[in-house]
Amino acid sequence: MWPEHIEKRWIYMGTEDRRCPCGCGGGIVEIEENETLEVIPAQYYVAVREYPKYRCRLHDKIIGTTFEPRVFPKTTMSNTLMASSITMRFGWQLPWHRQENIFLSKGIELSRSTLMRWSHRLANEALLPIYQLMEQELTANSERLFMDETTLPMLQPGKGQTKTSHLYALLRDDRSFSGNKPPVVIYYPRNTRAMRHIHDILNGVSAILQTGSYAGYGRLGRHGTPVEQITPVKCWTHARRNFTDEYEFNKNPDAKTVIRIIAELYKEEEKIRGKPPLIRVAHRQQFSVPILDRLRAFLIAQADRHLSKSKMGQAIRYVLRQWSDLTRFVDDGRIDLDTNAVERMFKPTILLRKNALFLGGDEGAEAWGIHSSIIETCKLNGVNAELYLKWIFDQISKKLRRSEYEKLLPWNAPPEFRIPH
């Protein structure tokens, strides 16, 4: 019933002498076992480390004891505490004020502003090189990427109001086509949703990129732009959403037909998920191409029946206009039908955004991007984020050379940090 890695403790519940409690002297004839899952609440303690100084008679001087290394030694912040706090916020979406209350429930006064300040410093100083190495690996060594964006409210200093900033996510996850490169996601906070931010993030990247329908992705692969080496692919989930909305509100039978045909595409994809690219292409050529031919013929036949400015007319014309980018998957087995993989990467952000309400400023946005990138990449690779953070804080504390930081990347974490399955 329980995973093998969970410790079992046998607790004897009978009499001390293992005899019948009435005093007759009868012994145990059988033991009935009952299992419950128990928990030991988090325990906090103050570590008072004593570092002795010795009088050396040989050299006639005082010799001290080397202090245990910490990321920021002139603070009361421990590597263990911050690994836990950062994981609670960015892994389990507990904002600083809730963590403050958790500490208060233990009689510990540790303010949210202190936790936030330590977190920002760890992100923008200690963890920044690891974030940069992850980004370099993602942008330089990927065949197929996903990209999407969401909003983040940010406080405007002195105004008591928030403005809308944005968080982009760039994801590599090759498991759908049996790729062997480790999955990694990088989050980029930006003040606006302007196209220039997309081009800045993707500058020099040469890969297939699957995106939604946002116009900011409209010049991907265009000659003479910083993103000319990108092969753009559109998302069938976004295309289908226009028809599902139309059917939900207007019960349009043509929309229902389109939804049903697209569902046939997804049914074929279920059969080849996780298969190598050549197998996926062969299957799609045999089974998906006829479905697409039927869908395109139906859309062309229905296009003139719906006003161009109507929701149904716009939905039809969008698919026909993006047909090349939507159907590129039939010739390349590395491509998926949709961007669901990267959209899932925003679930933790959306929950934390709801719980934390807003960002305090640009420094907080940068920290959000760095911490989220590391923790979500840990999750993608089956690594315990809290243990991993403690480990890399310890390694950084020991003044590990920057040239050796590659061994600190999440997918290179020691086996004991892997989450058992």
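What you see is a predicted model, and the numbers here were worked out from it, not measured in a lab.

## Focus: the packing of helix α1 (residues 79-91) against helix α2 (residues 96-105)
At step 1: Between α1 and α2, whose axes approach to 10 Å, the crossing angle comes to 130 degrees. Considered as vectors, α1 and α2 are oriented oblique to each other. Between α1 and α2 lies a crossing of right-handed hand. Together, Leu81, Ser85, Met88, Arg89 and Phe90 of α1 and Trp96, Gln99 and Phe103 of α2 make up the contact between the two elements.
At step 2: Considered class by class, the residues forming the contact of α1 with α2 number five nonpolar, two polar and one charged.

## Remarks on the side chain of Glu268
At step 1: Structurally, Glu268 is set in helix α7 (residues 253-270).
At step 2: At 2.8 Å, the side chain of Glu268 and the side chain of His283 are in polar contact.
At step 3: In contact with Glu268, other than residues within four places in its own chain, are His283, Phe287, Ser288 and Ile291.

## Some words on helix α13 (residues 362-380)
At step 1: Taking 1.5 Å per residue, 19 residues should reach 27 Å; α13 reaches 27 Å between its end C-alpha atoms and fits that length.
At step 2: At the exit of α13 stands Gly382, carrying a positive phi of roughly 70 degrees.

## A short note on helix α12 (residues 347-356)
At step 1: Looking at α12, one finds that the buried residues are Pro348, Thr349, Leu352, Asn355 and Ala356. All buried residues of α12 lie within an arc of 130 degrees about the axis, which places them on one face of the element. Turned more than 90 degrees from where α12 packs its buried face, Lys347 and Lys354 sit exposed.
At step 2: Structurally, α12 contributes buried residues whose contacts are with α1, α2, β3 (144-156), β4 (161-172), β5 (184-190) and α13.

## With respect to the sheet that holds strand β7 (residues 231-233)
At step 1: As summarised here, the arrangement of the five strands in space is β5-β4-β3-β6-β7, forming an open sheet in which the pairing is mixed. Where the open sheet ends on each side, the last strands, each with one partner, are β5 and β7. Within this sheet the neighbouring strands show an average axis-to-axis angle of 30 degrees, counted without direction.
At step 2: Pairing of β3 with β4 involves 11 bridges; the strand directions are antiparallel. Its bridge partner lying in β4, Gln156 is registered against Gln161.

## Considerations on the pairing of β4
At step 1: Hairpin connection from β3 to β4: four residues lie between these consecutive antiparallel strands, with Gly158 at a positive phi of about 80 degrees.
At step 2: In terms of strand pairing, β4 meets β5 through seven bridges, oriented antiparallel. Bridge pairing in β5 links Leu171 to Val185.

## With respect to a nonpolar patch on the surface
At step 1: Among the surface-exposed residues, Tyr12, Ile28 and Ile31 lie close enough to one another that they form a single nonpolar patch of about 280 Å² accessible area.
At step 2: Here Tyr12 is to be found in the segment before β1 (54-56).
At step 3: Owing to a relative accessible area of 35%, Tyr12 belongs among the partly exposed residues under this scheme.

## Details of the packing of aromatic side chains
At step 1: Tallying each qualifying case throughout the model produces nine aromatic pairs.
At step 2: With a centroid separation of 6.2 Å and 75 degrees between ring planes, the pair formed by Phe90 and Trp368 is classed as edge-to-face. Of this pair, Phe90 sits in helix α1 while Trp368 sits in helix α13, and the two are 278 residues apart along the sequence. Considered together, Phe90 and Trp368 belong to a single accessibility category, that of buried residues.
At step 3: Residues Trp236 and Trp323 carry aromatic rings whose centres are separated by 6.2 Å and whose planes lie at 85 degrees to one another, so their mutual orientation is edge-to-face. Here Trp323 lies in helix α10 (residues 323-326) and Trp236 lies in helix α6 (residues 236-250), a separation of 87 residues in the sequence. Taken as a pair, Trp236 and Trp323 share a single burial class, namely buried.
At step 4: Ring pairing ties together the aromatic residues Phe90, Trp96 and Trp368, which thus form one cluster.
At step 5: One cation-aromatic arrangement involves Lys251 over Tyr247; the distance from NZ or CZ to the ring centre is 5.7 Å.

## Section: unusual backbone geometry
A negative phi holds for most residues other than glycine; trans holds for most peptide bonds.
At step 1: For Arg18, which is not a glycine, the phi torsion comes out positive at approximately 60 degrees.
At step 2: Relative to the elements of secondary structure, Arg18 occurs in the segment before β1.
At step 3: You will see that Lys399, though not glycine, has its phi angle at about 60 degrees, which is positive.
At step 4: Within the fold, Lys399 resides in the segment after α14 (385-397).

## With respect to the pattern of salt bridges
At step 1: Using the criterion set out here, one finds 23 salt bridges in the structure.
At step 2: Across the pair Asp173 and Arg175 runs a salt bridge, and its minimum N-O distance is 2.7 Å.
At step 3: Through salt bridges with shared partners, a single network forms among Glu143, Asp332 and Arg334.

Criteria and thresholds
Residues numbered from 1 in each chain as written. Predicted model: local features only at pLDDT ≥ 70, side-chain atom pairs only at ≥ 80, totals over all residues. Heavy atoms only, no water. Axes fitted to C-alpha atoms, helices over the stretch in contact; angles between N-to-C directions. Helix = DSSP H or I, 4+ residues; strand = E, 2+ residues; numbered from the N terminus. Parallel < 35°, antiparallel > 145°, perpendicular 65-115°, else oblique. Left-handed = near helix turned anticlockwise from the far one by under 90°. Contact = heavy atoms within 4.5 Å. Nonpolar A, V, L, I, M, F, W, Y, C, P; charged D, E, K, R; others polar. Polar contact = N/O pair within 3.5 Å; in protein donor to acceptor, adjacent residues only side chain to side chain. Expected span 1.5 Å × (residues − 1). Buried < 20%, exposed > 50% of the residue type's maximum accessible area, 1.4 Å probe, protein only. Arc of directions from axis to C-beta. Pairing = 2+ DSSP bridges. Patch = residues over 30% accessible without salt bridge, like charges linked within 9 Å, V, L, I, M, F, W, Y side chains within 5 Å. Areas by Shrake-Rupley, 256 points an atom, 1.4 Å probe, with all protein chains shown as cover. Salt bridge = Lys/Arg side-chain N within 4 Å of Asp/Glu carboxyl O. Phe/Tyr/Trp six-rings, centres within 6.5 Å; stacked < 30°, edge-to-face > 60°. Lys NZ or Arg CZ within 6 Å of the ring centre and 35° of its normal.

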